[in-house]
Amino acid sequence: MTDRVGRVLDAAHLDRLIKAYDVRGVVPDDLSPQIARLVGAAFAHVVRASTADGGPGTVVVGQDMRPSGPELVAAFADGVASQGVDVLEIGLASTDELYYAAGSLDLPGAMFTASHNPAQYNGIKLCRAGASPVGQDTGLREIRDLVLAWSAAGIPAHDGPVGTVTSRDLLTDYSAFLNALVPLGASRHLDVVVDAGNGMGGHTVPAVLAGLPLSVTPLFFELDGTFPNHEANPIEPANMRDLQAKVLETGADLGLAFDGDADRCFVVDERGEIVDPSTLTALIAARELAKHPGATVIHNLITSAAVPEIVRENGGTPVRTRVGHSFIKATMAETGAVFGGEHSGHFYFRDFWRADSGMLAALHTLAALGETPEGTTLSSLLARYHRYSASGEINTTVADQAGVLDSIRSTYGGRDDTMLDELDGLTVTSSTDGKKWWFNVRPSNTEPLLRLNVEGADDALMASVRDDILAIIRSGAA
C-alpha cells in the first residue's frame, strides 16, 4: 500500500510510527488517514478477539485540538466500523477524559493526541476496557503486525453489518466524577493562575473548576493545536515562564500548567518557583494514605528519595518501578496500590482505573492548600515534602553506551558503602560524610543518549556527584 504522500508502507515505517506505548508521528508523512484507518481496523480486531463473548462491542474515541485530528479520527472510526464494531465519539477531550470514558463505560478507547509534541505531530493512545493500557506486550505489537499485513493484502471484509458511529459529550460527567473524588467544598478561597498552553486544559479546566472557591486567571485557554504562544510541554522550564510571571504579577496563591492533552500537571508556588513533581508525589501520597491507611504507593526510580521516606512515615508501603507508565500501571494492578507518581508529572490513581490524570493532581494540590489556615503559602506547605537537591535529567549523546556504563560500574562497584542495582539502567546509592546521595544512568530506548539523574542531601553534594559522573559519561560522548 502507498499512503497519501505516495510512500510504500513497510516495516521500517511502522517501527518509527508505533512506539512502545502509543502511535505517534508527523502528519501526514508518518501518520496519514490511510494508516489511521488500518490502525482502527486492527484495533477493532484485537479488542473484539479479546472480549469474553466475542461480541462486536464499541470503541470510544476522543481527540485533542490539533488541526489534523478530525480527518484522522474519521478514518480511524471508519476502520473500526469496517470490522463490525461500533464507535462512540466523545469529541474534544483531554486524555484523562478519554480514560474516564473507557473506565466508566467499560469500553476500549483511542485518544488522538501527540501530547506535548509540536504541531506537525499527532498520534493515538490506545487502551482496553476499563482504561487498561495497550503497549507493545499488551496488543500494540499485534496491531502493528496486522497493519503491515493488511497494508499489502487489504483490510479483510467483515462477515456482517458494519459498525455504527455515534456521538456523546462526557465533559460534565467527567467533571462531576473528579470533583467527587477530590472535593473542595470546604476549601478556603484561593487565587490560581492556569496555563493551558492552548491545549486541552482550556477545554476541561473551566468545567472542572467551575463553582469551586477559586478565582482563576486563565493563560492561553484558546484551543489551538499550532501552539502560538509556547509549546504545551511544562517539563521544559522555558514553557513555564509565562505562568511564573503571571503568578508573581497577580499575587496568586499558586499556578497550574498542563501539557497539550492535559494528562500532566506542573505546579508553581506563590514565589513563582516550579514545584518538583516528586514533591507533589509525596504530598498526594500522604493525602491518599490518610484515606487508605497502610496502602501501597508506587514511585519510579527517578523520583526523589523523599517519596519512599514519606510513604513509610505515613504508614504506607512504597514500591519502586522502572520508568514508564506501563510499568507503573502494571505494578499498581499487581499490588493494589492506591497511587503512583513519576518524575515527569504523571500521577496515577487507583480510584481512576489506575490511569494518570493531571486534573486530579491539580485538585489534590488545591485541596491540600485550601485546607490550611488563611495565609498559609504553598511553599511552606510543601517544605516538609522537599528534602533533597536534584539535578533534573541531563542527556548526553554517547556512542558506546555499554562501555560508559561499564566504566561507571568499575568506578563505584565493590565499595562497602555503595549499592548498585540495574532495575532500569544503573542506579548507584551511597553517602559522603553521612550525607545520602544517588544517581541513575539509563540509555534512551530510541536515541543514542544516556540520561543522568542525580540527587543529594544538599546542592553542593549533588553538584559534586553530578560532575564526577558527567566526566565519565562525557569521556565516551559521540
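Above this note sits the structure.
Let me sum up the structure you'll find in this document. (Residues numbered from 1 in each chain as written. Predicted model: local features only at pLDDT ≥ 70, side-chain atom pairs only at ≥ 80, totals over all residues. Heavy atoms only, no water.)

Considerations on the nonpolar core
How we decide: As used here, the term nonpolar core means buried Ala, Val, Leu, Ile, Met, Phe, Trp, Tyr and Cys residues forming a set that is joined through side-chain atoms within 4.5 Å. Residue burial is assigned from relative accessible area. The probe radius is 1.4 Å, only protein chains are included, and a residue is buried under 20% of its type maximum, exposed over 50%, and partly exposed in between. Helix numbering and strand numbering both begin at the N terminus, where a helix is a DSSP run of H or I of at least 4 residues and a strand a DSSP run of E of at least 2. Contacts between residues were defined by any pair of non-hydrogen atoms, one from each residue, lying within 4.5 Å.
Formed by 75 residues in total, the largest nonpolar core has its most connected members in Leu256, Phe258 and Leu366. A total of nine residues in this core trace back to one element, the largest contributor, which is helix 12 (residues 358-370). With residues up to four places along the chain from it excluded, the contact list for Leu366 reads Leu184, Ser187, Leu190, Val192, Leu209, Leu214, Leu254 and Leu256. Residues Val23, Ala36, Ala44 and Val80 belong to the second largest nonpolar core, which totals 36 residues.

Examining the pairing of strand 20 (residues 426-432)
Convention followed: At least two bridges found by DSSP between two strands is the condition for calling them paired.
With three bridges joining them, strand 19 (residues 419-421) and strand 20 adopt antiparallel strand pairing. Each bridged residue has a counterpart across the sheet, and for Met419 the counterpart in strand 20 is Thr429. Counting the residues in the hairpin turn of strand 19 and strand 20 gives four residues, including Gly425, whose phi is positive at 75°. Summarising the sheet, strand 20 and strand 21 (residues 435-443) pair through seven bridges and their orientation is antiparallel. Note that in strand 21 the partner of Val428 across the bridge is Phe439. Count of turn residues in the strand 20/strand 21 antiparallel hairpin: two residues, of which Asp433 carries a positive phi of about 55°.

Some points on the packing of aromatic side chains
The criterion, for reference: Aromatic pairing here means that ring centres of Phe, Tyr or Trp (its six-membered ring) are within 6.5 Å. Orientation follows from the plane angle: under 30 degrees is stacked, over 60 is edge-to-face, and everything else is tilted.
As enumerated under the stated definition, the model contains 13 aromatic pairs in all. An angle of 5° between the planes, with centres 6.4 Å apart, marks the rings of Phe339 and Phe347 as stacked. Residue classification places Phe347 among the buried positions, given a relative accessible area of 0%. Seen in terms of ring centroids, Trp437 and Phe439 are 6.2 Å apart; in terms of plane orientation they differ by 5°. Their pairing is stacked. Aromatic ring contacts, followed pair by pair, group Tyr100, Tyr174, Phe177, Phe352 and Trp353 into a single cluster.

Some details on the pairing of strand 11 (residues 265-268)
Note on strand geometry: in a regular strand, side chains alternate between the two faces of the sheet. Here strand 11 shows two buried faces, one formed by Cys265 and Val267 and the other by Phe266 and Val268. Of the strand pairs in this sheet, strand 10 (residues 254-258) and strand 11 are connected by four bridges, and their pairing is antiparallel. Within the sheet, the bridge partner assigned to Ala257 lies in strand 11 and is Phe266. The loop that links strand 10 with its antiparallel partner strand 11 comprises six residues; one of these, Ala262, has a positive phi angle of about 60°.

So, the side chain of Glu455
Rules: Any N or O atom pair separated by 3.5 Å or less is treated as a polar contact, with the protein-specific requirement of one donor-capable and one acceptor-capable atom, and with residues adjacent in sequence counted only for side-chain atom pairs.
Mapping Glu455 onto the fold places it in strand 22 (residues 449-456). Looking at Glu455, its side chain comes within polar contact range of the side chain of Ser304, at 2.8 Å. At 2.7 Å, the side chain of Glu455 and the side chain of Trp438 are in polar contact. Discounting chain neighbours no more than four positions away, the residues touching Glu455 are Ser304, Ala305, Tyr388, Ser389, Ala390, Lys436, Trp437, Trp438 and Met462.

With respect to the pattern of salt bridges
Our working definition: By salt bridge we mean one thing: a side-chain nitrogen of Lys or Arg within 4 Å of a carboxyl oxygen of Asp or Glu.
Scanning the model with the defined rule gives 24 salt bridges in all. Here Asp78 makes a salt bridge to Arg37, at a shortest N to O gap of 2.4 Å. Here Asp78, found in helix 3 (residues 69-82), pairs with Arg37, found in helix 2 (residues 33-49); they are 41 residues apart in sequence, far enough to count as distant. With relative accessibility at 38%, the residue Asp78 sits in the partly exposed group. Exposure remark for Arg37: the relative accessible area of 31% places this residue in the partly exposed category. Salt bridges linked by common partners bring Glu309, Glu313, Arg387 and Lys436 together as one network.

A word on the sheet that holds strand 12 (residues 296-300)
Cut-off, in case you're wondering: Lines fitted to the C-alpha atoms define the axes, with helices restricted to the stretch that makes contact. Angles between their N-to-C directions range from 0 to 180 degrees.
The five strands lie next to each other as 13-12-14-15-16, forming an open sheet whose pairing is mixed. Across the chains shown, the open sheet's two edge strands, defined by having one partner strand only, are strand 13 (317-321) and strand 16 (355-356). By the bridge criterion, five bridges tie strand 12 to strand 13 in an arrangement that is parallel. Its bridge partner being in strand 13, His299 is matched across the sheet by Arg320. Each of strand 12, strand 14 (339-341) and strand 15 (347-349) touches helix 9 (residues 277-291); the most contacted strand, strand 15, lies at about 15° to it.

Observations concerning the environment of Asp64
Within the fold, Asp64 resides in the loop between strand 2 (58-63) and helix 3. On a C-alpha basis, the gap between Asp64 and Leu223 in space is 8.8 Å, while along the polypeptide they are 159 residues apart. Contacts of Asp64, omitting those with residues within four sequence positions, involve Leu92, Ala93, Met111, Phe112, Thr113, Ala114 and Met200. Of note is the side chain of Asp64, whose polar atom sits 3.0 Å from the backbone nitrogen of Arg66. At 2.7 Å, the side chain of Asp64 forms a polar contact with the side chain of Thr113.

Thoughts on helix 9
Using the following cut-off: To estimate the expected span of a helix, subtract one from its residue number and multiply by 1.5 Å.
With 15 residues, helix 9 should cover 21 Å at 1.5 Å per step; its first-to-last C-alpha distance of 21 Å lies within 8% of that length. By the criterion of burial, helix 9 is predominantly enclosed, with 13 of the 15 residues buried. Its side-chain oxygen 2.8 Å from the backbone nitrogen of Ser278, Asp276 forms the N-cap of helix 9.

Digging into helix 2
Across its 17 residues, helix 2 extends 24 Å between first and last C-alpha, which sits within 8% of the 24 Å expected from 1.5 Å per residue. For helix 2, a buried count of twelve out of 17 residues is recorded, marking the element as mostly surrounded by other parts of the structure. Among all positions of helix 2, only Pro33, Ile35, Ala36, Leu38, Val39, Gly40, Ala41, Ala42, Phe43, Ala44, Val46 and Val47 are buried. Contacts from the buried residues of helix 2 go to helix 1 (11-17), strand 2, helix 3, strand 4 (109-112), strand 5 (121-128) and helix 5 (140-153).

A look at the sheet that holds strand 9 (residues 214-219)
Strand order in the open sheet made by the four strands is 9-8-10-11, with mixed pairing throughout. A single partner strand is all that each edge strand has here, and the edge strands are strand 9 and strand 11. Averaged over all neighbouring strand pairs, the angle between strand axes comes to 25°, with direction disregarded. Seen against the sheet, helix 8 (residues 241-250) touches strand 8 (190-195), strand 9, strand 10 and strand 11 and runs at an angle of roughly 155° to strand 8.

What about unusual backbone geometry?
The residue after Val27, namely Pro28, is reached through a cis peptide bond having omega 0°. Along the chain, Pro28 turns up in the loop between strand 1 (23-26) and helix 2. Residues other than glycine seldom take positive phi values, yet Ser115 does so here, at roughly 55°. For Ser115, a relative accessible area of 5% corresponds to the buried category. Phi at Asp433 is positive, roughly 55°, even though this residue is not glycine. Note that Asp433 resides in the loop between strand 20 and strand 21.

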